[in-house]
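Below are the chains, spelled out letter by letter.
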Amino acid sequence: MVIRPVKKSRIEYVDFDNLSFGTNFSDHMFICNYADGAWGEPEIIPYAPIQLDPSASALHYGQAIFEGMKAYKDDNGEVWLFRPDQNIKRLNKSADRLAIPQFPEDLFLDGLRKLIDLDRNWVQSGAGNSLYIRPFVFASEPCVQASPAKEYRIMIICTPVSSYYNSGEVRVKIADHFSRAPQGGTGYAKAAGNYAGQFYPTQLAIDEGYQQVIWTDAATHQYIEEAGTMNLFFYIGDKLITAPISDSILDGVTRKSVIDLAKNRGIEVETRQLTVNELIEAANNKSLREIFGSGTAVVVLPIHGFGYKGKDYNVEQSADSLALELKADLTSIQYNRTDDSYGWCVKV
Ligand SMILES: *Cc1c(COP(=O)(O)O)cnc(C)c1O
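Residues numbered from 1 in each chain as written. Predicted model: local features only at pLDDT ≥ 70, side-chain atom pairs only at ≥ 80, totals over all residues. Heavy atoms only, no water.

The next thing to look at is the overall build of the protein. Of regular secondary structure, the protein possesses seven helices and 19 strands. A compact globule built from 348 residues should have a C-alpha radius of gyration of about 20 Å, and the protein, at 21 Å, falls within 12% of that. Expressed as lengths along the three principal axes of its C-alpha atoms, the size of the protein is roughly 60 × 50 × 35 Å. When each of the 348 residues of the protein is scored for burial, the buried share is 50%. On the protein, roughly 15800 Å² of surface is accessible, and the fraction owed to carbon and sulfur atoms is 48%. Of the charged side chains in the protein, 34 are positive and 44 negative, and the gap between their average positions amounts to 0 Å. (Helix = DSSP H or I, 4+ residues; strand = E, 2+ residues; numbered from the N terminus. Rg over C-alpha atoms; globule rule 2.2 N^0.38 Å. Buried < 20%, exposed > 50% of the residue type's maximum accessible area, 1.4 Å probe, protein only. Areas by Shrake-Rupley, 256 points an atom, 1.4 Å probe, with all protein chains shown as cover. Lys, Arg positive; Asp, Glu negative; His and termini not counted. Charge placed at Lys NZ, Arg CZ, Asp CG, Glu CD.)

Tallied over the entire structure, the rule returns 16 salt bridges. Among the ionic pairs, Lys-114 bridges to Asp-110, the shortest N-O distance being 3.0 Å. Highlighted residues: Lys-114 and Asp-110, both in helix H3 (residues 105–118), separated by four residues, approximately one helical turn. Judged by its relative accessible area of 31%, Asp-110 is partly exposed. Look at the salt bridges and you will find they share partners, linking Arg-265, Glu-325 and Asp-329 into a network. (Salt bridge = Lys/Arg side-chain N within 4 Å of Asp/Glu carboxyl O.)

A few words now on the site of the ligand. Around the ligand, a shell composed of 15 residues is seen, among which Lys-190, Tyr-195, Glu-226, Thr-254 and Thr-296 lie nearest. Take Glu-226: an N or O atom from its side chain is 2.6 Å from a nitrogen atom of the ligand. Counted by class, the shell around the ligand contains four nonpolar, seven polar and four charged residues. (Near = heavy atom within 4 Å. Polar contact = N/O pair within 3.5 Å; in protein donor to acceptor, adjacent residues only side chain to side chain. Nonpolar A, V, L, I, M, F, W, Y, C, P; charged D, E, K, R; others polar.)

Moving on, we get to unusual backbone geometry. Among all residues save glycine, negative phi is the norm, and among peptide bonds the norm is trans. The phi dihedral of Lys-309 is positive, around 45 degrees, even though this residue is not glycine. The exposed category is assigned to Lys-309, whose relative accessible area is 60%. The backbone phi angle of Asn-336 is positive, close to 55 degrees, even though this residue is not glycine. Checked against the element boundaries, Asn-336 lands in the loop between helix H7 (322–334) and strand S19 (345–347). Asn-336 sits in the partly exposed class, given a relative accessible area of 32%.

The sheet built from four strands is open, its strands ordered S11-S10-S17-S18 with mixed pairing. Two strands in the sheet have a free side with no partner beyond their single neighbour: strand S11 (212–214) and strand S18 (311–314). Between one strand axis and the next, the sheet turns through 30 degrees on average, direction left out of account. Where strand S17 (residues 305–308) and S18 come together, four bridges link them in antiparallel fashion. The residue bridging Gly-305 from the neighbouring strand is Asn-314, located in S18. Against the sheet, helix H6 (residues 276–284) makes contact with strand S10 (171–174), S17 and S18, and its axis sits at roughly 130 degrees relative to S17, the strand it touches most. (Pairing = 2+ DSSP bridges. Axes fitted to C-alpha atoms, helices over the stretch in contact; angles between N-to-C directions. Contact = heavy atoms within 4.5 Å.)

Bridging between strand S12 (residues 231–236) and strand S13 (residues 239–242) involves three bridges; their strand directions are antiparallel. In the sheet register, Phe-234 faces S13, and the bridge partner there is Ile-241. Counted along the chain from S12 to the antiparallel partner S13, the turn is two residues long, and its residue Gly-237 has a positive phi close to 60 degrees. Sheet topology places S13 next to strand S14 (residues 268–271); four bridges connect them, and they run parallel. By the bridge assignment, Thr-242 is partnered in S14 with Thr-271.

Let us look at the packing of helix H2 (residues 84–97) against H3. As a packed pair, H2 and H3 sit with axes 10 Å apart at the nearest point and diverge in direction by 130 degrees. For the element pair H2 / H3, the angle class is oblique. Seen from above, H2 lies across H3 with right-handed handedness. Packed against H2, whose contacting residues are Pro-84, Asp-85, Ile-88, Lys-89, Leu-91 and Asn-92, the element H3 presents Glu-105, Phe-108, Leu-109 and Leu-112 at the interface. Residue composition of the contact of H2 with H3, by class: six nonpolar, one polar and three charged. (Parallel < 35°, antiparallel > 145°, perpendicular 65-115°, else oblique. Left-handed = near helix turned anticlockwise from the far one by under 90°.)

Okay, the packing of aromatic side chains next. Within this structure, the stated rule accounts for 15 aromatic pairs. One aromatic cluster in this structure is built from Phe-30, Tyr-34, Trp-39, Phe-103 and Tyr-152. (Phe/Tyr/Trp six-rings, centres within 6.5 Å; stacked < 30°, edge-to-face > 60°.)

Two residues of an α-helix separated by three or four positions point the same way, owing to the 3.6 residues in each turn. The first and last C-alpha atoms of H2 sit 20 Å apart over 14 residues, in line with the 20 Å expected at 1.5 Å per residue. The complete set of buried residues in H2 reads Pro-84, Gln-86, Asn-87, Ile-88, Arg-90, Leu-91, Asn-92, Ser-94 and Ala-95. (Expected span 1.5 Å × (residues − 1).)

Right, let's talk about the side chain of Thr-242 for a bit. Position of Thr-242 among the secondary structure elements: in strand S13. For Thr-242, a relative accessible area of 2% translates into the label buried. Only 2.8 Å separates the side chain of Thr-242 from the backbone oxygen of Leu-232, close enough to count as a polar contact. If sequence neighbours within four positions are ignored, Thr-242 has contacts with Leu-232, Phe-233, Arg-255, Ile-259, Glu-270, Thr-271 and Arg-272.

Okay, here's the thing in structure tokens:
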């Protein structure tokens, strides 16, 4: 692996007290090209714009995938990655679905650790602070033929973040017309195009006063799936319900960690389909205690209400909500403030 460090860090120009999500990038980036049927030698080089041929196939056919993960700094200044093995496994699952060649797991983990080691000053300590890591792969071959490309590029870039959503109450709209992912589609992959297709319906929901859309199954709009950047949990009666992973739902690392932590608290977790009708009934008869989302960016995000076909429903959250307890459980592991009995954290 070629490592070419910056001559001078840009870190002193970053205002860490006023970060806007995903706009400042750390000093270095990881890059590796695929050509002639094989990945070449990876490089870690100064962060900079890249050259791309205008006919690069990712720009035309969306053959592009990504990942999202974080590095955390503990109170002793040590830097930790959270379950990075899960991210490279998922990147390769996404790669298969988009007909992109897999990237070797060991090369990824080695490159990632070297990159984060070089940029460790960019991982700020303190609650809510972390370095958001964005690995991505795209078809770089200069060719507008509508078929899988023969050249690709994997890159990893990093952006320091503080708390993702610090706005007030979160209200979501349950989709009754638009869809995120059909059965047999690319919903389980972190495909770039999955996001592009959500922007327009999400903007319509924002115009109606919601922050996000809860997606339902594309065929009937009866079954609740996920929020498009977060998986969802519903605390109804004494059970915590989350949709089973399918080909239209992304297998979130935060989701599976939250399931383990909830079980560890003695909560009964039901991985099953939940219909919109059942949710509305639970809201009406007050057995619906909480709704929350889970994802790397937000960790755990309480949802205070939802709208469906023009009617709004409130979800009252108590100060000692399960969502916030699970968030505390998870972040204490991520910031190495508690015993990591699951072996989720990897030291850089
Ligand atoms: C990334 C993502 C999530 C959350 O996954 P995590 O691994 O927990 O960050 C949920 N849904 C979709 C569609 C996603 O792309």
